[in-house]
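Fold and contact review
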Amino acid sequence: MSGEALEGFMTEPANGLGINLKQVCNGDLISREAGSAGGSMVNVMCLVQQ
């Protein structure tokens, strides 16, 4: 999987939830935001894999 594809898996679900991810460090995210973004990423990856 290319770096661009992985970047899309991270940014698209996060943007859909209203979470703005930065390129370098996202240490300012609260746990709820990070968990929501991560869960959405997994859901999208599972759909693509199937």
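See the structure shown above.
This section reports on the structure supplied with the text.

Rules used throughout
Residues numbered from 1 in each chain as written. Predicted model: local features only at pLDDT ≥ 70, side-chain atom pairs only at ≥ 80, totals over all residues. Heavy atoms only, no water. Helix = DSSP H or I, 4+ residues; strand = E, 2+ residues; numbered from the N terminus. Rg over C-alpha atoms; globule rule 2.2 N^0.38 Å. Buried < 20%, exposed > 50% of the residue type's maximum accessible area, 1.4 Å probe, protein only. Expected span 1.5 Å × (residues − 1). Axes fitted to C-alpha atoms, helices over the stretch in contact; angles between N-to-C directions. Parallel < 35°, antiparallel > 145°, perpendicular 65-115°, else oblique. Left-handed = near helix turned anticlockwise from the far one by under 90°. Contact = heavy atoms within 4.5 Å. Nonpolar A, V, L, I, M, F, W, Y, C, P; charged D, E, K, R; others polar. Arc of directions from axis to C-beta.

**So, the overall build of the protein chain**
When helices and strands are tallied, the protein chain shows 2 helices and 0 strands. For the protein chain, the C-alpha radius of gyration of 11 Å lies close to 10 Å, the compact-globule estimate for 50 residues. Reported as C-alpha extents along the three principal axes, the dimensions of the protein chain are approximately 30 × 20 × 15 Å. The buried share of the protein chain, taken over its 50 residues, is 16%.

**Side note on helix 1 (residues 3-16)**
In this model, helix 1 (14 residues) spans 20 Å end to end at C-alpha, consistent with the 20 Å of a helix rising 1.5 Å per residue. Those residues of helix 1 that sit buried are Gly8, Phe9, Pro13 and Ala14. Looking one or two places after helix 1, you find Gly18, whose phi comes out positive at around 80°.

**Remarks on the packing of helix 1 against helix 2 (residues 31-49)**
Each pair of packed helices gets described by two things: the angle between the helix axes and the distance between those axes. Interaxial distance between helix 1 and helix 2 falls to 8 Å at its minimum, and their mutual angle equals 120°. Between helix 1 and helix 2, the crossing angle belongs to the class labelled oblique. Helix 2 is crossed by helix 1, and the crossing has right-handed handedness. On helix 2, the residues touching Phe9, Met10, Pro13 and Ala14 of helix 1 are Ala37, Ser40, Met41, Val44, Met45 and Val48. By residue class, the composition of the contact of helix 1 with helix 2 is 9 nonpolar, 1 polar and no charged.

**Examining helix 2**
The end-to-end C-alpha separation of helix 2 is 27 Å, in line with the 27 Å expected for 19 residues at 1.5 Å each. Regarding helix 2, the residues found buried are Ala37, Ser40 and Met41. Seen end-on, helix 2 carries its buried residues on one side only, within an arc spanning 105°. Residues of helix 2 that are exposed and point over 90 degrees away from its buried face: Ser31, Arg32, Asn43 and Gln49. Considering only its buried residues, helix 2 is in contact with helix 1.

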